[in-house]
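The residues making up each chain are set out below.
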Amino acid sequence: MGVVILLVMAAGVALMLTRKLPTAFALVLLAVAIAFLAGAPFTGKNSVLDTVLQEGAPALAATMIAIILGSWLGKLLDETGIAGTLVRKIVEFGGDRPTVVALGVLAVSALVGTVTGSAPAAMLAGIIGIPAMIAVGVPKVTAAGTVLMGIAVGIPFELPLWQFFSTALELPIPTVRGFMVKLFPFALAAALAFVLVETRRRGTEHAWSLKSVDSPGSSDSSDSSGAKPRSRREELGDAPWYALLAPAVPLVLALGFELAIIPSLLAGVLYALVTTTRPGGMNKRLLRTLYGGFEVAAPPLVLFIAIGILLAAVKLPGAVDALEPLVKAVSPHNPVVFVLVFTLLVPLCLYRGPLNVFGLGAGIAGVLIAAGIYPAVAVLGMATSYNQVFGVADPTSTQTVWSAQYAGVSPQQVMVRTLPYVWAVALGGLCVTAATYL
């Protein structure tokens, strides 16, 4: 029966790869099929309806709340001009020096990447950052890759991601946080190497730019009616300097003071609101950005419901008993072989492949833990290492597609250019995993 379940999983991967079904729908169908193949009854204990669907759907509720709050904060950073101001300041500081501008955009991308992932993070940093880099001569593919590599630097400190791995792998937040801190230096080193190598190796390629990155000095700061000239900050829509700390507030509270994730994100929302909005407009802005945050969060929320259902299915006793012998037979335990094998398997997390943690990879992780193949913390190391690759180089991920299209190149071009760097990050994460937990 274990072989049949693996064949069904392979069919699920095929449905996702060929886009015959959306990922979330395919995962739910896969979960129901696995449950029936594992001999689960229709209702009752360890059943399809009560255990897989009813208990699985809300299993990642804490993660979904964190996603909503992160998206809410992301909308506030956009509407209040905090993200745009950060990028503009970096562009002004960098002047016409391509490498300096790219490094600055990388830093801003990393900062917003700690708040929210996927396309919203790419947009917050890239709407101004990508044309600014291209305007000073950074090649288009490098500009798109810089935003993505920056987001990858922030991923180890993305609080909703901490909550996801904590809930999905049943690990305490301090354990997740501890490994993420170890993964961060690899992500940072790879991102810096990408910018320094690619901006020099490819030379400068001047293309198009947007008015938003032009010098404001030529604009008229007063109108013909003799009205009081507006300040430069008002003309550009810049946020106050102290409001620019908003993206760092949740991280400081969660990492520095070890505050719980949801209160940390709420504190970031309140700080962004209070430092940019007059009291009379707070209620409207709160509701407007909250509703906007729900729109942004809707796709990942649906995906996390499906992942919870899949995790419930693969943890059924019948599924574990059927899959344990097969998975154990092909899972290396020697640390060196572990690193070599799973490093070679890195491409399987691309194109919504079987090792993508936001797809079938979540189910495989659940099997590895439930069957006792690896300790949960070692599975955490594998999953987070692969996620660094998926978050940057997967041509089907929303942030990669948006960044590439906005820069005027294809997602495949970005994948080819960034994959060697994030592959090295995965190698580093797997080495830490093997050395520490095996």
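Residues numbered from 1 in each chain as written. Predicted model: local features only at pLDDT ≥ 70, side-chain atom pairs only at ≥ 80, totals over all residues. Heavy atoms only, no water.

1. Details of the pattern of salt bridges
- By the definition in use, this model includes 6 salt bridges.
- A salt bridge links Glu-79 to Arg-288, with the shortest nitrogen-to-oxygen separation between them at 2.6 Å. Note that Glu-79 is positioned in helix α4 (residues 61-79) and Arg-288 in helix α14 (residues 282-314), a separation of 209 residues in sequence.
- For Arg-288, a relative accessible area of 45% corresponds to the partly exposed category.
- Note that Glu-198 is salt-bridged to Arg-417, the shortest N-O span being 3.5 Å. Here the residue Glu-198 occupies a position in helix α10 (residues 173-201), and Arg-417 occupies one in helix α20 (residues 411-437), the gap between them amounting to 219 residues. Both residues of the pair, Glu-198 and Arg-417, count as buried.
- A network of salt bridges, in which partner residues are shared, links Glu-79, Arg-285 and Arg-288. (Salt bridge = Lys/Arg side-chain N within 4 Å of Asp/Glu carboxyl O. Helix = DSSP H or I, 4+ residues; strand = E, 2+ residues; numbered from the N terminus. Buried < 20%, exposed > 50% of the residue type's maximum accessible area, 1.4 Å probe, protein only.)

2. Concerning the packing of aromatic side chains
- Evaluated as defined, the whole model comprises 14 aromatic pairs.
- Ring centres 6.3 Å apart and planes at 75° place the aromatic pair Phe-342 and Tyr-374 in the edge-to-face group. Of this pair, Phe-342 sits in helix α16 (residues 335-344) while Tyr-374 sits in the loop between α17 (360-370) and α18 (376-393), and the two are 32 residues apart along the sequence.
- Its relative accessible area of 9% is what places Phe-342 among the buried residues.
- Put simply, the rings of Phe-164, Phe-165, Phe-304, Phe-358 and Phe-390 pair up and form one aromatic cluster. (Phe/Tyr/Trp six-rings, centres within 6.5 Å; stacked < 30°, edge-to-face > 60°.)

3. Concerning the nonpolar core
- Among the nonpolar cores identified, the biggest contains 150 residues, and Phe-164, Phe-165 and Ile-307 are the most heavily contacted of them.
- When residues in this core are grouped by element, the largest group, 13 residues, is from α14. (Core = buried A, V, L, I, M, F, W, Y, C linked by side-chain atoms within 4.5 Å.)

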